Amino acid sequence: MNGLLGVYLQQWKISLAETFQYRAAMAIWLIGHVLEPLLYLVVWSAVAGANGGRVGGMGRGDFAAYFIALLLVNHVTYTWIMWEMEHRIRHGALSFALLKPLHPVHADIAANLASKLITFPVILLAAGALALLFKPAFHPSSWSVLAFLPSLLLAFLLRFALEWVLALAAFWTTRIGAVNQAYFVTALFFSGQIAPLALLPSPMAFLSKILPFRWTAGFPVDLLLGRLDPHEALHGFLAQGAWILGILLVARVLWRAALRRYSAVGS
Amino acid sequence: MRILRLLAIHLRLALSGALAYRADFLIHLFESLLEFGTGLGGLALVFSHTQTLGGWSAPEVVALTGVFFIVGGAVRFAVQPAMESLIESVRDGTLDFTLVKPVDSQVLVGLKRFEIWKLVDVLMGLAVLAVALWKLGAAVGLGDALRFAVALAAGGAIVYSFWLMLATLSFWFVRVENILVIFQSLYEAGRWPVNLYPGWLRFLLTFLVPVAFATTVPAEALSGRIGWEKILLSLGVAAGMLVLSRLFWKIGSRHYSGASA
């Protein structure tokens, strides 16, 4: 256990150094991160404005609170593992990772967290600026704020596991762009990125309950904003846990199959 | 005339290159369909809760989506690949071969590379625009159509000049790929009418990163909500940007030191 902790700390240092090396790239990249929720915030505010101030029980302030919270949650949970994995496989860099006596997923998690340690304060500032500009209506209950943190952690684990499994597709196909895009589009609608899930038409709302995406974004956001009752919160935690377990099982099987397919450059 | 012949040659080259990878066409078609499904699905979701968005009706916003994809597709087809290839050739010094040719180097750089399959986006954008026009029906007059065509051409010129200026920065800073990403992420804002946005963002999208001239203004022209004065403004900005980017290119290319020099 101590050994694993040491590995994480070391990986952390490497990632910190790497992230600092590309500061400008990061700053530019953050624009895109802030812009997407900002666009939907503006659009849904306009919709509320055009309909007497409320849509689906939400006013302008509620939309502002929703999308600002979403910006933060999304930033904590997002990964770039599918591009990383594709690059690794195509260039044979995975061979080095495989030689190490530790599953490569640990290095991935550590790198992800390390990079966010640097970017999160920036996102927090951006969220603060958006809060000043759009005046969110933020009145959560105390228990739901407490419950938010574990739900965020589970959302991170779930999304990481899900996208790590998705990244394994690179072992079978080089057309990884199309696979990723299909995933992003589905997640956009069913995770609550494009609109609060309560606004989806009923067949889609039903699907959002079956699919895993809601538990990676919409659920923690709703929890933070105090829009769920304790029963719904409990249901959400169970769903997050069940999805994580299920995906970990799939990941185990797929990883073994993937390694059998892997043939490095020069071997 | 010479330029047109050069254009034809480069396009033919790009086409034969693309035809070698025909499966890419299907992949790109799939990605493009997803892109359109997302855009139109988002619109359907928004308009299931409202009749108008910032004073725009549903068919008007669909027309805007069409314009968004036409301009975005044209950029990905011609402008972006050419500018990326320019940045690469500044870095590795192969721009030498372009500069010594007896053709204007800015023109030659612009013809360097085409991503043929990205034309799918332009075609689908046209299809979406056609559907929107059919829905708008008689509301679009001949004057509107004319203003739309002029506004679209001006918007295209503005976007091209903007990209050229960004790419020209590579003569000083060499690694500028990331700066190009700024345009790509901010272009997303062009999906929606810019009058929805708060003042500071509208200013940014109009004058700093000129997305509004390429998307909102042509769509506004089509739905007849602007007259010739705004079109003239758009034309003026286009002319100014073209001259400015030309100057910038002239100064920048004098800074180029080559690989072997």
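Residues numbered from 1 in each chain as written. Chains lettered and ligands numbered in written order. Predicted model: local features only at pLDDT ≥ 70, side-chain atom pairs only at ≥ 80, totals over all residues. Heavy atoms only, no water.

Colleague: Report on the overall build of chain B, specifying residues and quantitative values.
Modeller: Looking only at helices and strands, one finds 13 helices and two strands in chain B. Relative to its length of 261 residues, chain B is compact, with a C-alpha radius of gyration of 19 Å against a globular reference of 18 Å. Buried residues in chain B amount to 49% of all 261 residues. Across chain B, contacts joining residues at least 24 apart in sequence account for 80% of those joining residues at least 6 apart. Taken as a whole, chain B presents about 12,000 Å² of accessible surface, with 69% of it coming from carbon and sulfur. (Helix = DSSP H or I, 4+ residues; strand = E, 2+ residues; numbered from the N terminus. Rg over C-alpha atoms; globule rule 2.2 N^0.38 Å. Buried < 20%, exposed > 50% of the residue type's maximum accessible area, 1.4 Å probe, protein only. Contact = heavy atoms within 4.5 Å. Areas by Shrake-Rupley, 256 points an atom, 1.4 Å probe, with all protein chains shown as cover.)

Colleague: Please provide a residue-by-residue account of the overall build of chain A, values included.
Modeller: Scanning chain A from N- to C-terminus turns up eleven helices and two strands. In chain A, the succession of helices and strands from N to C terminus is α-α-β-β-α-α-α-α-α-α-α-α-α. Each principal axis of the C-alpha atoms in chain A carries an extent, and together these give about 65 × 40 × 40 Å. Considering only residue pairs separated by 6 or more positions, chain A has 79% of its internal contacts joining residues 24 or more positions apart. Taken as a whole, chain A presents about 12,800 Å² of accessible surface, with 70% of it coming from carbon and sulfur. Across chain A, the centroid of the 18 positively charged side chains sits 5 Å from that of the 10 negatively charged ones. (Lys, Arg positive; Asp, Glu negative; His and termini not counted. Charge placed at Lys NZ, Arg CZ, Asp CG, Glu CD.)

Colleague: Please set out the nonpolar core residue by residue, giving values where relevant.
Modeller: Core analysis: the biggest nonpolar cluster contains 157 residues, and Trp 44 and Phe 63 of chain A together with Leu 53, Leu 86, Trp 192 and Tyr 197 of chain B have the highest contact counts within it. Considering each element in turn, this core owes the most residues, 15 residues, to helix α3 (residues 58–92) of chain B. Non-local contacts of Leu 53 of chain B, meaning those with residues more than four positions away in its chain, are made with Val 43, Ala 46 and Val 47 of chain A together with Val 46, Phe 47, Trp 192 and Leu 196 of chain B. Residues Ala 14, Leu 108, Leu 111 and Phe 114 of chain B belong to the second largest nonpolar core, which totals ten residues. (Core = buried A, V, L, I, M, F, W, Y, C linked by side-chain atoms within 4.5 Å.)

Colleague: An account of the environment of Ala 8 of chain B is requested, with residue identities and associated values reported.
Modeller: Note that Ala 8 of chain B resides in helix α1 (residues 2–19). What makes Ala 8 of chain B partly exposed here is its relative accessible area of 37%.

Colleague: An account of the interface of chain A and chain B is needed here, citing residue identities and associated values.
Modeller: Listed as interface residues are 31 residues of chain A and, on the opposing side, 30 residues of chain B. Interface area, chain A with chain B, both sides summed: about 2,600 Å², of which 78% is carbon and sulfur. Across the contact surface, chain A and chain B share zero salt bridges. In this assembly, chain A and chain B are joined by six residue pairs in polar contact (both at pLDDT 80 or more). Of all the elements in the fold, those that place two or more residues in the side of chain A that touches chain B are α2 (23–50), α6 (104–134) and α8 (176–190) of chain A. Sorting elements by how many residues they give to the side of chain A that touches chain B places α2 of chain A first, with 14 residues. The residue inventory of the side of chain A that touches chain B, partitioned by class, reads 26 nonpolar, four polar and one charged. (Buried area = accessible area lost by both parts, 1.4 Å probe. Salt bridge = Lys/Arg side-chain N within 4 Å of Asp/Glu carboxyl O. Polar contact = N/O pair within 3.5 Å; in protein donor to acceptor, adjacent residues only side chain to side chain. Nonpolar A, V, L, I, M, F, W, Y, C, P; charged D, E, K, R; others polar.)

Colleague: Lay out the confidence of the model for chain A in plain terms, naming residues and giving numbers.
Modeller: In this model, chain A carries an average pLDDT of 89, and 97% of its residues clear a pLDDT of 70 or more. Element-level pLDDT for chain A is lowest in helix α1 (residues 2–21) of chain A, with a mean of 78, against a maximum mean of 95 in helix α3 (residues 60–77) of chain A. (pLDDT = per-residue confidence, 0-100.)

Colleague: Tell me about unusual backbone geometry, and name the residues and values.
Modeller: A positive phi is found at Lys 135 of chain A, a non-glycine position, where the angle reads about 50 degrees. Mapping Lys 135 of chain A onto the fold places it in the loop between α6 and α7 (142–167).

Colleague: Residue-level account of the packing of α6 of chain A against α7 of chain A, with values.
Modeller: Residue and element names in this part refer to chain A. At a closest axis distance of 12 Å, the pairing of α6 and α7 adopts a crossing angle of 125 degrees. With respect to their mutual orientation, α6 and α7 come out oblique. Crossing hand, α6 versus α7: right-handed. Touching Val 105, Asp 108, Ile 109, Asn 112, Leu 113 and Lys 116 of α6 are Phe 156, Phe 160 and Trp 164, all from α7. Across the contact of α6 with α7, the residue classes break down as six nonpolar, one polar and two charged. (Axes fitted to C-alpha atoms, helices over the stretch in contact; angles between N-to-C directions. Parallel < 35°, antiparallel > 145°, perpendicular 65-115°, else oblique. Left-handed = near helix turned anticlockwise from the far one by under 90°.)

Colleague: With reference to specific residues and values, describe the side chain of Thr 38 of chain B.
Modeller: Position of Thr 38 of chain B relative to the elements: it lies in helix α2 (residues 22–47). Accessibility expressed as a relative area gives 13% for Thr 38 of chain B, which makes it buried. Not counting the four nearest positions on each side in its chain, Thr 38 of chain B is found in contact with Val 185, Leu 188 and Phe 189 of chain A.

Colleague: Can you explain the packing of aromatic side chains? Please cite residues and give values.
Modeller: By the definition in use, this model includes 26 aromatic pairs over all chains. Members of the aromatic cluster, each reached through a chain of ring pairs, are Phe 36, Phe 68, Phe 69, Phe 162, Trp 163, Phe 183 and Tyr 187 of chain B. (Phe/Tyr/Trp six-rings, centres within 6.5 Å; stacked < 30°, edge-to-face > 60°.)

Colleague: Could you give me a rundown of the pattern of salt bridges, with the residues and numbers involved?
Modeller: All chains considered together, the criterion is met by 13 salt bridges over all chains. Linking Arg 159 of chain A and Glu 163 of chain A is a salt bridge whose minimum nitrogen-to-oxygen distance equals 2.9 Å. With Arg 159 of chain A and Glu 163 of chain A both in helix α7 and four residues apart, the pair spans about one turn of that helix. The burial state of Arg 159 of chain A is the same as that of Glu 163 of chain A; both residues are buried. In this structure, the salt-bridge partner of Arg 147 of chain B is Asp 144 of chain B, at a minimum N-O distance of 2.9 Å. Taken together, the positions of Arg 147 of chain B and Asp 144 of chain B, both in helix α7 (residues 142–168) and three residues apart, correspond to about one turn of that helix. Overall, Arg 147 of chain B belongs to the buried group, its relative accessible area being 14%. With relative accessibility at 10%, the residue Asp 144 of chain B sits in the buried group. Residues participating in the shared-partner salt-bridge network are Glu 35, Glu 188 and Arg 191 of chain B.

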